[in-house]
Structures are given as C-alpha cells and as structure tokens.
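Structural overview for review
Read off the chains here:
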Amino acid sequence: VYVTGVSAGNGTGNDYATIKYSQTGSLLTLNLTAFIQGFYNSGTNTMVRDTVRVYLRNGSSPYAIVDSAKTYMSTSGTGTFTISNISNGVPYYIQLKHRNSIETWSDSGKSFAGNSLTYDFTTSDSKAYGNNMTGIDASPVRFGIYSGDVNQNGNVDLNDVLEVYNAANDFSSGYIVSD
C-alpha cells in the first residue's frame, strides 16, 4: 500500500510525501546523521539542506537492495527515513546517495532493533566502508561524504569540473547537479 500527500511547505512551496507500507503494516525508522562536503559550513557547523536517498542492502553478497527511502536532511545533517520492507535483527548496509556526491556505504551491516536504527556518519571516517569520507571540520571534528561527482560515475574528475565550469559560464541557476 502506498499513501501520498501534499502539505504547504515552510517558505519553500509544497512538501510531498509518499509512504510505502509493508504487508505486515509495520514501519521502521532510520535516524541518520551525515554531512555533504561541499554543503557544509565549518564556521557555523551547519549544512545547506538537501535531499538524500538511502538504500538498505543485504549484509552479505550480492548486497541486493532491500528497500530505499528519501528525505530532506536538516541543517544539522540529520534525517529520518521511513522503511517498510526490512526486519529487525537482520544486518543491512546503509548506502547513502546524494545528487552530486560519491555514494557512501556504512562500514558494516547495521541492524534495526525495536523498529529503529540510529547511525551517525559524521564522527569518524571509519564509519564509512573503506574510510571513504573526508574531514570537513577540525573543531568539532566532523567528517562528510565527498561531493563533486556531478555526473554520478563514481569519480570526482575533470569531467565533473567541466560540467560545473560550463554551468557557471551559462549562468545556470536553480536546483541543478552542478551546485
């Protein structure tokens, strides 16, 4: 069962939500904290808000996607994701995807307990598989997912730089991947 609705946003237009219920009707909550490198301001210890999607993947090979959810992360880097097709006590990798960042996975499989899981990527680069995060603040110590993968090919390279350069030269504006 899918339920979709709209409400008046707070100065940003309408907010939309879609909730997917499992066959058992239970919803699980993933409370996640993560910063996006290029969106983080170390002077204010805040992040520009943006949408992030998480995929929960099986904890063992072939790491198939079990469920996913999307949310609008807060300026403090927190987001709450509602998940329905998973079980308590089973380890899942958390795969974090953002529109212009390198995808980042949790360091190991994480399990829900009591229909909830809290995970914080920001406290150490070792919270990501392969220590795949960068230091974004020395005081307080913060780590963030690498941004800059504009074309979403898994690398931050000259092609990404050229897309950003071309968008700037064209005076592109709005919600675009080259932000």
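Note that this is a predicted model, so its numbers are computed, not measured. (Residues numbered from 1 in each chain as written. Predicted model: local features only at pLDDT ≥ 70, side-chain atom pairs only at ≥ 80, totals over all residues. Heavy atoms only, no water.)

Moving on, we come to the overall build of the protein. Looking only at helices and strands, the protein features one helix and 14 strands. Residue pairs in contact within the protein that sit at least 24 positions apart in sequence constitute 51% of those at least 6 positions apart. (Helix = DSSP H or I, 4+ residues; strand = E, 2+ residues; numbered from the N terminus. Contact = heavy atoms within 4.5 Å.)

As a further point, take the packing of aromatic side chains. Between two aromatic rings, the relevant description is the distance of the centres plus the angle of the planes. Applying the stated rule across the entire model yields six aromatic pairs. Between Tyr63 and Tyr93, the ring centres sit 5.6 Å apart and the planes meet at 80°, which makes this aromatic pair edge-to-face. Here Tyr63 is found in the loop between strand S6 (51–58) and strand S7 (65–72), whereas its partner Tyr93 is found in strand S9 (residues 91–98), with 30 residues between them in sequence. Using a relative accessible area of 32% as the deciding quantity, one classes Tyr63 as partly exposed. Pairing Tyr63 with Trp105 gives two aromatic rings, centres 6.3 Å apart and planes at 80°, and the pair type is edge-to-face. Of this pair, Tyr63 sits in the loop between S6 and S7 while Trp105 sits in strand S10 (residues 104–105); the two residues are 42 residues apart in sequence, bridging distant segments of the chain. Aromatic ring contacts, followed pair by pair, group Tyr63, Tyr93, Trp105 and Tyr129 into a single cluster. Against the face of Tyr119 rests Lys127, its NZ or CZ located 4.8 Å from the ring centre. (Phe/Tyr/Trp six-rings, centres within 6.5 Å; stacked < 30°, edge-to-face > 60°. Buried < 20%, exposed > 50% of the residue type's maximum accessible area, 1.4 Å probe, protein only. Lys NZ or Arg CZ within 6 Å of the ring centre and 35° of its normal.)

A word on the pairing of strand S14 (residues 141–144). Bridge analysis of strand S13 (residues 134–138) against S14 gives four bridges, and the strand direction is antiparallel. Note on S14: the bridge partner recorded for Asp137 is Arg142. Between S13 and S14, which pair antiparallel and follow one another directly, the connecting turn spans two residues. (Pairing = 2+ DSSP bridges.)

Across the sheet, which stays open at both edges, the three strands sit in the order S8-S3-S12 with mixed pairing between neighbours. Whereas interior strands pair on both sides, the edge strands pair on one side only; in this sheet they are strand S8 (78–83) and strand S12 (116–120). With strand direction ignored, the average angle separating the axes of adjacent strands in the sheet is 15°. As defined by bridge partners, strand S3 (residues 28–33) adjoins S12 across five bridges and the pair is classed as parallel. For Leu32, the partnering residue across the bridge sits in S12 and is Tyr119. (Axes fitted to C-alpha atoms, helices over the stretch in contact; angles between N-to-C directions.)

Let us look at the pattern of salt bridges. Taken as a whole and assessed by the stated rule, the structure comprises three salt bridges. The shortest N-O distance in the salt bridge between Arg99 and Asp50 comes to 2.7 Å. Of this pair, Arg99 sits in the loop between S9 and S10 while Asp50 sits in the loop between strand S5 (46–47) and S6; the two residues are 49 residues apart in sequence, bridging distant segments of the chain. According to the relative accessible area criterion, Arg99 is buried, its value standing at 16%. For Asp107, the salt bridge is made with Lys110, and the minimal N-O distance between the two is 3.1 Å. Residue Asp107 is classed as partly exposed on the basis of its relative accessible area of 30%. Assessed through its relative accessible area of 18%, Lys110 is described here as buried. (Salt bridge = Lys/Arg side-chain N within 4 Å of Asp/Glu carboxyl O.)

What follows deals with a nonpolar patch on the surface. A cluster of nonpolar side chains, contributed by Leu158, Val161 and Leu162, occupies part of the molecular surface with about 280 Å² of accessible area. Within the secondary structure, Val161 is located in helix H1 (residues 158–169). (Patch = residues over 30% accessible without salt bridge, like charges linked within 9 Å, V, L, I, M, F, W, Y side chains within 5 Å. Areas by Shrake-Rupley, 256 points an atom, 1.4 Å probe, with all protein chains shown as cover.)

Here we come to H1. Residues three or four positions apart in an α-helix share a direction because the helix packs 3.6 residues into each turn. Counted at 1.5 Å a residue, the expected span for H1 with its 12 residues is 16 Å, and the 16 Å between its end C-alpha atoms agrees. Among the residues trailing H1, Phe171 stands out with phi positive, at a value near 55°. (Expected span 1.5 Å × (residues − 1).)

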